[in-house]
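What follows is each chain in one-letter form.
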Amino acid sequence: MEVSASKRNKSSRNNFVKSLLADMRALEHMLDHAWFEKDITRIGAEQEIVLIDKDSFRPSTLAMQILEENKEAAWLVNELAQFNLELNLAPQIFEGSCLSMMHRELQSHLDELRISLHRHNIDYLLTGILPTLKKYHLDMHYLTPKPRYKELMNAIHGELRNTSFELRLVGIDELLVRHDSPLLEACNTSFQVHLQVAPAEFVNYYNCALVMAAPSIAISANSPMVFGKRLWHETRIALFQQSIDTRKTLDHMRQLSPRVILGDRWLKESVLEIFREDIARFRILLHAQSEEDSQKLIRNKIVPKLKSLQLHNSTVYRWNRPCYGISDTGKPHLRIENRVFPSGPTILDEISNMAFWLGCMRGLYDNFGDITKQINFEDIRDNFGKSARFGIDSNFTWFKDSKINAGDLVLKELLPLARKGLESQSINSGDIDLYLGIIEERAKMHMNGARWQLRSYTKLLKEASSPDDALTTLTAAIYDHQNRPDHPITKWPEPNLEDLKEYKTNELRVSEFMQTDLYTAHKNDLVELVSELMRWQKLKYMLVEDSHGNLVGLISLSDLFGRMMEEKEKASPKDLLVRDVMIPQPFVVGPDDNIKKAVEIMKKNDIGCLPVVKDKELLGLVTTDNVISITNRMMKER
């Protein structure tokens with residue numbers, strides 16, 4: 001199907017709508033007449049990875065080249081950004097050694113891929129959000145050059161009601177940033193798990209998936225940072241929603257839904273409710289001319305692929321997404337795709353997450369049937385938000401309005417349930433012990449990838465000369481630990497700055513090491529006030545900005561005191577204002593300039609600091625102290 005943006009061609013869009021409605025009628029017919037596979041349960045998984053340069057530990061944009069070199073690997077596909085790839089695992093019947101088989105298959109594929117990656121001095125990393133990822137990596141020229149992705153970005157941007165996309169997140173730190181494209185979504189990498197269920201069981205299983213979203217996030221969280229800011233334990237949840245959120249604040253409280261959702265109610269009758277809701281609520285972003293006539297195929301007793309329905313479904317991002325497919329048997333089937341798990345920290349951790357969720361899904365279904373009688377949907381949504389923010393530190397409202405923390409819930413209630421569920425599927429006892437044992441150890445140690453990253457980064461910040469050193473050391477440690485077999489997150493020691501060997505800084509951008517926590521003045525402020533502020537905060541320089549945040553000047557401590565002394569010696573000294581002593585047009589540098597340019601400007605002009613400016617807006621400050629710490633590392637590299 002050749003994809004187009006929905007607004008480009010009204011005629012083709014209308015044809016797509018007709019095809020979409022025909023697919024819905026075909027799906028309803030197949031459900032009503034029992035066409036679906038129901039006597040077998042399969043599982044599957046998709047692994048998203050981020051490519052990194054082995055010298056700098058920053059994103060590598062060679063995904064398309066790697067795909068070209070591995071065109072025979074049908075399991076390897078592109079992703080939204082040029083620094084991401086996805087691996088698709090073969091479906092397995094949910095029984096016996098299926099979990100360890102998927103473990104071995106994933107490891108085998110990654111080992112094979114690594115051979116190709118190493119030829120380019122790059123490798124893969126399993127992490128929910130790459131710590132060294134920078135905002136400039138999300139510019140549109142990093143988008144994978146595929147028509148579908150370009151049209152999707154254009155379509156989402158076309159729905160935008162604000163002037164830009166915004167991230168607003170508060171954790172230990174705070175992130176308030178705007179961006180001109182929805183490519184922010186590409187920050188996220190996940191490990192998506194699929195569970196095939198019979199149509200008659202879909203409603204209860206789907207509601208179990210809604211219940212399991214929060215504890216699954218809590219025990220597996222591995223995405224606590226974006227752009228060097230310590231935010232939610234599973235920041236992917238908010239980042240994904242906000243990155244493609246086209247809504248704006250309104251004077252009246254009209255309820256508008258984002259395209260990234262958990263849902264707002266229990267499922268009651270069938271999977272059709274979800275597809276109908278998504279067509280009714282979310283505008284069509286992409287359309288394509290389908291070559292199949294699903295109604296004609298139905299009349300001829302042929303199973304249709306429902307390509308139009310699947311295309312629209314792919315642009316609505318439910319954390320538990322319903323999926324339609326056709327099995328090798330030729331029969332259609334339904335799956336629930338669990339999208340809450342982040343990538344990493346290791347393959348062993350990921351398969352353990354998968355085993356835990358699958359076991360709990362079967363255990364909840366067997367023990368409770370209609371789970372909606374045990375807990376209110378409002379509590380499910382509340383638990384979901386808490387788990388994303390606080391991870392394993394969360395306190396949940398659980399069945400019969402009980403209150404319990406995430407660790408105790410996993411240990412006392414969910415792990416026994418997961419064990420029974422896996423045993424009901426005749427899963428190998430050794431696999432059950434191994435994978436659920438990993439989850440048990442996490443709960444007992446109160447440790448997952450998010451807590452490890454947060455503790456490690458906080459420690460490194462106190463040791464490092466710059467946040468960039470801390471982030472790079474953290475990423476290097478993740479890379480090192482992932483390459484050790486049978487080494488789950490609970491066995492990872494906290495990294496030390498000395499553990500980082502050499503990494504490339506020649507192309508380091510100013511935005512990666514500039515100071516952003518700034519004290520500033522306005523040009524009409526009293527110099528007496530500014531001098532005290534500089535003394536209190538031990539500042540050598542004070543930046544001067546206007547009410548719009550634009551740079552208008554710079555004050556150095558030496559110039560300030562010199563001018564104040566001159567004024568005091570006068571017979572009638574006056575109150576000096578900042579505009580009387582500031583340098584009105586200081587030398588500046590841009591955030592995307594590299595360190596070499598910053599050093600050259602400072603050296604050539606014999607200055608001790610450089611304001612960082614983009615389109616007049618003040619973004620940060622680079623001082624000799626910043627440059628010395630970076631150039632020291634460059635000298636070590638040489």
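Residues numbered from 1 in each chain as written. Predicted model: local features only at pLDDT ≥ 70, side-chain atom pairs only at ≥ 80, totals over all residues. Heavy atoms only, no water.

A.B. asks: Even after reading the chapter, I still don't get the overall build of the chain, so can you show me in this structure?
C.D. replies: Of regular secondary structure, the chain possesses 20 helices and 23 strands. Its C-alpha radius of gyration of 27 Å places the chain within 12% of the 26 Å reference for a compact globule of 638 residues. Across its three principal axes, the chain shows a C-alpha extent of roughly 100 × 55 × 55 Å. Looking at the 638 residues of the chain, the share that counts as buried comes to 58%. Taking contacts inside the chain between residues at least 6 apart in sequence as the whole, the part at least 24 apart equals 74%. About 28500 Å² of surface is accessible on the chain, with carbon and sulfur atoms providing 47% of the total. Averaging the positions of the 83 positive and the 89 negative side-chain charges in the chain gives two centres separated by 3 Å. (Helix = DSSP H or I, 4+ residues; strand = E, 2+ residues; numbered from the N terminus. Rg over C-alpha atoms; globule rule 2.2 N^0.38 Å. Buried < 20%, exposed > 50% of the residue type's maximum accessible area, 1.4 Å probe, protein only. Contact = heavy atoms within 4.5 Å. Areas by Shrake-Rupley, 256 points an atom, 1.4 Å probe, with all protein chains shown as cover. Lys, Arg positive; Asp, Glu negative; His and termini not counted. Charge placed at Lys NZ, Arg CZ, Asp CG, Glu CD.)

A.B. asks: Can you walk me through the side chain of Asn-353 in this structure?
C.D. replies: Relative to the helices and strands, Asn-353 is located in helix H10 (residues 347-368). Classification of Asn-353 as buried rests on a relative accessible area of 1%. Residues in contact with Asn-353, not counting those within four places in the same chain, are Ser-220, Phe-341, Gly-344, Ile-439 and Arg-442.

A.B. asks: Whenever I open this one, unusual backbone geometry confuses me. Can you help?
C.D. replies: Peptide bonds are, in most cases, trans, and in most cases residues other than glycine have a negative phi. Here the bond from Gly-344 into Pro-345 is cis, since omega is 0 degrees, no more than 30 degrees from zero. Along the chain, the position of Pro-345 falls in the loop between strand E16 (332-338) and H10. For Lys-301, which is not a glycine, the phi torsion comes out positive at approximately 65 degrees. Among the secondary structure elements, Lys-301 is positioned in the loop between helix H8 (294-299) and helix H9 (307-313). By relative accessible area, Lys-301 is classed as exposed at 66%.

A.B. asks: Would you take a moment to explain the pairing of strand E15 (residues 320-326) for this structure?
C.D. replies: Walk down a regular strand and you will see the side chains alternate between the two sheet faces. For E15, the tally of buried residues reaches six of seven residues, placing the bulk of the element in the interior. As judged from the seven bridges shared by E15 and E16, these two strands associate in the antiparallel manner. Each bridged residue has a counterpart across the sheet, and for Pro-322 the counterpart in E16 is Ile-336. Adjacent in sequence and paired antiparallel, E15 and E16 are bridged by five residues, among which Gly-330 carries a positive phi angle near 90 degrees. (Pairing = 2+ DSSP bridges.)

A.B. asks: Just to check I follow, could you spell out the nonpolar core for this structure?
C.D. replies: Considering soluble globular proteins, one finds that nonpolar side chains tend to be buried as a cluster. Formed by 164 residues in total, the largest nonpolar core has its most connected members in Leu-99, Met-354, Phe-356 and Trp-357. The leading source of residues in this core is helix H5 (residues 199-220), at 14 residues. (Core = buried A, V, L, I, M, F, W, Y, C linked by side-chain atoms within 4.5 Å.)

A.B. asks: For this particular structure, what's the right way to read the pattern of salt bridges?
C.D. replies: Should the charged atoms of two oppositely charged side chains come close, the side chains can pair. Under the defined criterion, the tally for this structure stands at 29 salt bridges. The salt bridge partner of Lys-71 is Glu-68, with a shortest N-O separation of 2.7 Å. Between Glu-166 and Arg-168 there is a salt bridge; the shortest N-O distance is 3.1 Å. Connected via shared salt-bridge partners are Asp-264, Arg-265, Glu-277 and Arg-281. (Salt bridge = Lys/Arg side-chain N within 4 Å of Asp/Glu carboxyl O.)

A.B. asks: Explanation requested: the environment of Asn-405 in the structure shown.
C.D. replies: In this structure, Asn-405 sits in strand E18 (residues 403-405). The spacing of Asn-405 and Pro-591 is 186 residues in sequence and 43 Å in space, taken between C-alpha atoms. Residues within four places of Asn-405 in sequence aside, it is in contact with Ser-394 and Asn-395. For Asn-405, the side chain forms a polar contact with the main-chain nitrogen of Gly-407, separated by 3.2 Å. (Polar contact = N/O pair within 3.5 Å; in protein donor to acceptor, adjacent residues only side chain to side chain.)

A.B. asks: When you look at the confidence of the model for the chain in this model, what are you seeing that I'm missing?
C.D. replies: This prediction gives the chain a mean pLDDT of 91; 94% of its residues lie at or above 70. In this model, residues 250-254 is a region of pLDDT below 50 whose contacts with residues beyond four sequence positions or in other chains number two contacts. (pLDDT = per-residue confidence, 0-100.)

A.B. asks: I tried to follow the packing of helix H1 (residues 10-32) against helix H7 (residues 272-281) on my own but got confused; where do I start?
C.D. replies: When two helices pack together, their arrangement is given by the angle between their axes and by how far apart the axes lie. It is at 11 Å that the axes of H1 and H7 come closest, and there the two elements cross at 170 degrees. The pairing of H1 with H7 is recorded here as roughly antiparallel in orientation. Along the contact surface, H1 presents Leu-20, Met-24, Leu-27, Glu-28 and Leu-31, while H7 presents Leu-272, Phe-275, Arg-276 and Ile-279. Split by residue class, the contact of H1 with H7 holds seven nonpolar, no polar and two charged. (Axes fitted to C-alpha atoms, helices over the stretch in contact; angles between N-to-C directions. Parallel < 35°, antiparallel > 145°, perpendicular 65-115°, else oblique. Nonpolar A, V, L, I, M, F, W, Y, C, P; charged D, E, K, R; others polar.)

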